[in-house]
Amino acid sequence: MEAESSQLVFYLLSFIIVIAAICVVTLKNIFHSALFLILVLFGVAGIYILLNAEFLAAVQVLIYVGAVSVLIIFAIMLTSHLTSRKIKQSNEQVTLAVFICAGFLLASLASIANTVWRITDRPMPEHNTLTIGKLLMNDYVLPFEIVSVVLLAALIGAIVLARKEGT
Amino acid sequence: MLQYLALAAILFAIGIFGVLTRRNAVGILMSLELMFNAANINLVAFNKYIGAAGLTGQIFAIFVVVIAAAEAVVGLAIVLLLYRNWQGIDVDQMNIMKW
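Note that this is a predicted model, so its numbers are computed, not measured.

**Q** Hey, could you run me through the overall build of chain A in this one?
**A** The helix and strand tally for chain A stands at six helices and zero strands. Of the regular secondary structure in chain A, the N- to C-terminal order runs α-α-α-α-α-α. Its C-alpha radius of gyration of 20 Å places chain A more than 25% over the 15 Å reference for a compact globule of 167 residues. Its C-alpha atoms give chain A principal-axis dimensions of about 55 × 45 × 30 Å. Burial statistics for chain A: of 167 residues in total, 35% are counted as buried. Look at the contacts in chain A between residues 6 or more apart in sequence, and 54% of them connect residues 24 or more apart.

**Q** Would you take a moment to explain the confidence of the model for chain A for this structure?
**A** One rule of thumb: low pLDDT means the predicted coordinates there are not for detailed reading. Counting all residues, the mean pLDDT for chain A is 86, and 91% of those residues have values of 70 or more. Here helix H5 (residues 128-137) of chain A stands out as the least confident element of chain A, with mean pLDDT 87; helix H2 (residues 30-50) of chain A is the most confident, with 92.

**Q** Please clarify how the packing of helix H6 (residues 141-162) of chain A against helix H3 (residues 56-86) of chain B should be interpreted in this entry.
**A** When two helices pack together, their arrangement is given by the angle between the helix axes and by the axis-to-axis distance. The N-to-C vectors of H6 of chain A and H3 of chain B enclose an angle of 10°; their axes lie 9 Å apart at closest approach. Our classification of the angle between H6 of chain A and H3 of chain B gives roughly parallel. Contacts from Pro 143, Phe 144, Val 147, Val 150, Leu 151, Ala 154, Ala 158, Leu 161 and Ala 162 of chain A of H6 of chain A reach H3 of chain B at Phe 63, Val 66, Ile 67, Ala 70, Val 73, Val 74, Ala 77, Ile 78, Leu 81 and Arg 84 of chain B. For the contact of H6 of chain A with H3 of chain B, the per-class residue count stands at 18 nonpolar, no polar and one charged.

**Q** I would appreciate a short explanation of the nonpolar core in the present structure.
**A** In a soluble, globular protein the nonpolar side chains are often hidden away together inside. Formed by 74 residues in total, the largest nonpolar core has its most connected members in Val 40, Ile 47 and Ile 72 of chain A together with Leu 11 and Leu 34 of chain B. Of all the elements in the fold, those that place two or more residues in this core are helix H1 (2-26), H2, helix H3 (54-78), helix H4 (94-114) and H5 of chain A together with helix H1 (2-21), helix H2 (25-49) and H3 of chain B. Among the domains, domain 1 (2-124) and domain 2 (126-167) of chain A are the pair contributing at least three residues each to this core. Excluding anything up to four places from it in sequence, Leu 11 of chain B contacts Ile 17, Ala 21, Val 40 and Val 44 of chain A together with Leu 34, Asn 37, Ala 38 and Ile 41 of chain B.

**Q** Would you take a moment to explain the interface of chain A and chain B for this structure?
**A** In many reports, interface size means the accessible area that the parts give up when they come together. Residue-level contacts link 81 residues of chain A with 70 residues of chain B. Carbon and sulfur atoms supply 76% of the area that chain A and chain B bury against each other, a total of about 6,800 Å² over both sides. Considering only the surface of chain A that becomes buried against chain B, Val 25, Leu 51 and Arg 122 of chain A emerge as the three largest contributors, covering 10% of it. The interface formed by chain A and chain B contains zero salt bridges. Remark: the boundary between chain A and chain B carries 12 residue pairs in polar contact (both at pLDDT 80 or more). Take the side of chain A that touches chain B: its biggest share by element is 12 residues, from H3 of chain A.

**Q** So what exactly am I meant to see when it comes to the domain arrangement of chain A here?
**A** All names here are of chain A. What the domain assignment lists for chain A is domain 1 (2-124) and domain 2 (126-167). Counting from both sides, the interface comprises five residues of domain 1 and, opposite them, four residues of domain 2. Both sides of the domain 1 and domain 2 interface together cover about 330 Å² of buried area, and 57% of this is carbon and sulfur. The interface formed by domain 1 and domain 2 includes zero salt bridges. On inspection of domain 1 and its partner domain 2, the count reaches two residue pairs in polar contact (both at pLDDT 80 or more).

**Q** Teacher, can you tell me more about the packing of aromatic side chains here?
**A** Aromatic ring pairs are reported here in terms of the distance separating the ring centres and the angle at which the planes meet. Applying the stated criterion across every chain, the model contains seven aromatic pairs over all chains. Here the aromatic rings of Phe 10 of chain A and Tyr 11 of chain A are separated by 5.4 Å at their centres, their planes lie at 70°, and the arrangement is edge-to-face. Residue classification places Phe 10 of chain A among the buried positions, given a relative accessible area of 3%. Here the aromatic rings of Phe 60 of chain B and Phe 63 of chain B are separated by 6.2 Å at their centres, their planes lie at 85°, and the arrangement is edge-to-face. Here Phe 60 of chain B pairs with Phe 63 of chain B, and both are found in helix H3, just three residues apart, close to one helical turn. Phe 60 of chain B sits in the partly exposed class, given a relative accessible area of 40%.

**Q** Can you help me understand the packing of H1 of chain B against H2 of chain B in this one?
**A** Residues and elements named next belong to chain B. One way to put it is that H1 packs onto H2 with a least axis distance of 8 Å and a crossing angle of 165°. In terms of axis orientation, H1 runs roughly antiparallel to H2. Viewed along their axes, H1 and H2 form a crossing whose handedness is left-handed. Touching Tyr 4, Leu 5, Leu 7, Ala 8, Leu 11, Phe 12, Ile 14, Gly 15, Ile 16, Gly 18 and Val 19 of H1 are Ile 28, Ser 31, Leu 32, Leu 34, Met 35, Asn 37, Ala 38, Ile 41, Asn 42, Ala 45, Phe 46 and Tyr 49, all from H2.

Here is what the cut-offs are and how they apply
Residues numbered from 1 in each chain as written. Chains lettered and ligands numbered in written order. Predicted model: local features only at pLDDT ≥ 70, side-chain atom pairs only at ≥ 80, totals over all residues. Heavy atoms only, no water. Helix = DSSP H or I, 4+ residues; strand = E, 2+ residues; numbered from the N terminus. Rg over C-alpha atoms; globule rule 2.2 N^0.38 Å. Buried < 20%, exposed > 50% of the residue type's maximum accessible area, 1.4 Å probe, protein only. Contact = heavy atoms within 4.5 Å. pLDDT = per-residue confidence, 0-100. Axes fitted to C-alpha atoms, helices over the stretch in contact; angles between N-to-C directions. Parallel < 35°, antiparallel > 145°, perpendicular 65-115°, else oblique. Nonpolar A, V, L, I, M, F, W, Y, C, P; charged D, E, K, R; others polar. Core = buried A, V, L, I, M, F, W, Y, C linked by side-chain atoms within 4.5 Å. Domains from an automatic or database assignment. Buried area = accessible area lost by both parts, 1.4 Å probe. Salt bridge = Lys/Arg side-chain N within 4 Å of Asp/Glu carboxyl O. Polar contact = N/O pair within 3.5 Å; in protein donor to acceptor, adjacent residues only side chain to side chain. Phe/Tyr/Trp six-rings, centres within 6.5 Å; stacked < 30°, edge-to-face > 60°. Left-handed = near helix turned anticlockwise from the far one by under 90°.

In structure tokens:
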């Protein structure tokens, strides 16, 4: 019963994700694309919950839906007169790109289907957030520190790039 | 598990399509976010169904999210800089490094 309902939720979510993702890459109005991107990110957060990754779902909503999409919408607004719907938003290689994507999709689906996966149906840890916190502070403390330095570098880099010359 | 991998492959292919066809640099960044999300779905699905006990896949997915946020910040700063200097952010007009 539970497996069936989670299957149903999965197909609903993946339908929403795929339709919204196609809207993201094809719509003429780039602002509408950004709104559909937010829908995709919410759908992926739902997929994380289905996969027992509650903390990651919260991180997805906070960082992607809260921060990254606001940043993207800011960038669209600041370059607004370029994004009106009269301007063509795609280049001349659409047909070629469709073929490349279909080829990639077929290749990856074939390799997924042909690989022998050793699926182990083991139980997930009881407390998701607690386990992640302990792992981050014990086994993965060095990558954790390095990634914070990367974030600092990105912050300084963005400020240096975006400030006006001579100020 | 195969359904999650298939969803991630479809999402990644849509992202490739966006990167290849968008002219607007912000559109390309948005397609990149789609591809990051596809990779993350793979990591979390593998973490649930394959391998030893633990949450290593989810940890790496968190790192991917952080790196994606840093990439978006720097990318959008470059976009704003291009807009200020070129009055346009269409990537097919950027050819000054072409000889």
